[in-house]
Amino acid sequence: MDTTLFRSIELIEPGDLVVYHGSITELHGLWLAVPCGCSICDRIDRFGIADVRFSLVDPWGEVPGPFHVRRASITRSVACA
Ligand SMILES: [Zn+2]
């Protein structure tokens, strides 16, 4: 496996393909990352706290993904480079 897959310091842009490796092991895999738009994150955003959370979207639109995902739980996939 290509080690560049795990460069976790890279910036994640909305719509990037990412690998989820967080606490919900059954959801590990490829997702599209978008900024979490829930009311909690919206409020945090207005307080100016720089703790960006993501919601993950199935690229094939078949299963609902996890939301409120920490940056540390996802890694940008090299597949979208
Ligand atoms: Zn959220």
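Residues numbered from 1 in each chain as written. Predicted model: local features only at pLDDT ≥ 70, side-chain atom pairs only at ≥ 80, totals over all residues.

(A) Representation of the sheet that holds strand S2 (residues 29-35) within the structure. Pairing within the open sheet is antiparallel, and its five strands lie in the order S4-S3-S2-S1-S5. One side of each edge strand has no neighbouring strand; the edge strands of this open sheet are strand S4 (69-70) and strand S5 (74-76). Here strand S3 (residues 53-57) runs beside S4; their pairing, made up of two bridges, is antiparallel. Bridged to Arg53 within S4 is Arg70. (Pairing = 2+ DSSP bridges. Helix = DSSP H or I, 4+ residues; strand = E, 2+ residues; numbered from the N terminus.)

(B) Representation of unusual backbone geometry within the structure. We note that His68 has phi near 70°; this positive angle belongs to a residue other than glycine. Within the secondary structure layout, His68 lies in the loop between S3 and S4. On the neighbour-count criterion, His68 (13 C-beta atoms within 10 Å) is partly exposed. (Buried ≥ 20, exposed ≤ 12 C-beta atoms within 10 Å, placed from the backbone.)

(C) Structural context of helix H1 (residues 39-47). Burial analysis of H1 places just zero of its nine residues in the buried class, a small minority of the element. Within two residues after H1, Gly48 carries a phi angle of roughly 80°, on the positive side.

(D) Representation of the confidence of the model for the chain within the structure. For the chain, mean pLDDT is 83; residues scoring 70 or higher make up 81% of the total. Looking across the chain, the model is least confident in H1, with a mean pLDDT of 82, and most confident in strand S1 (residues 16-20), with 95. (pLDDT = per-residue confidence, 0-100.)

(E) Here's a closer look at the nonpolar core. Core analysis: the biggest nonpolar cluster contains nine residues, these being Val18, Tyr20, Trp31, Leu32, Ala33, Phe54, Leu56, Val69 and Ile74. Only S1, S2 and S3 provide two or more residues apiece to this core. It is S2 that provides the largest number of residues to this core, a total of three residues. Sequence-distant contacts of Trp31, defined by excluding residues within four places in its chain, comprise Val18, Tyr20, Leu56, Val57, Asp58 and Gly65. (Core = buried A, V, L, I, M, F, W, Y, C linked by C-beta atoms within 7 Å. Contact = placed C-beta atoms within 7 Å.)

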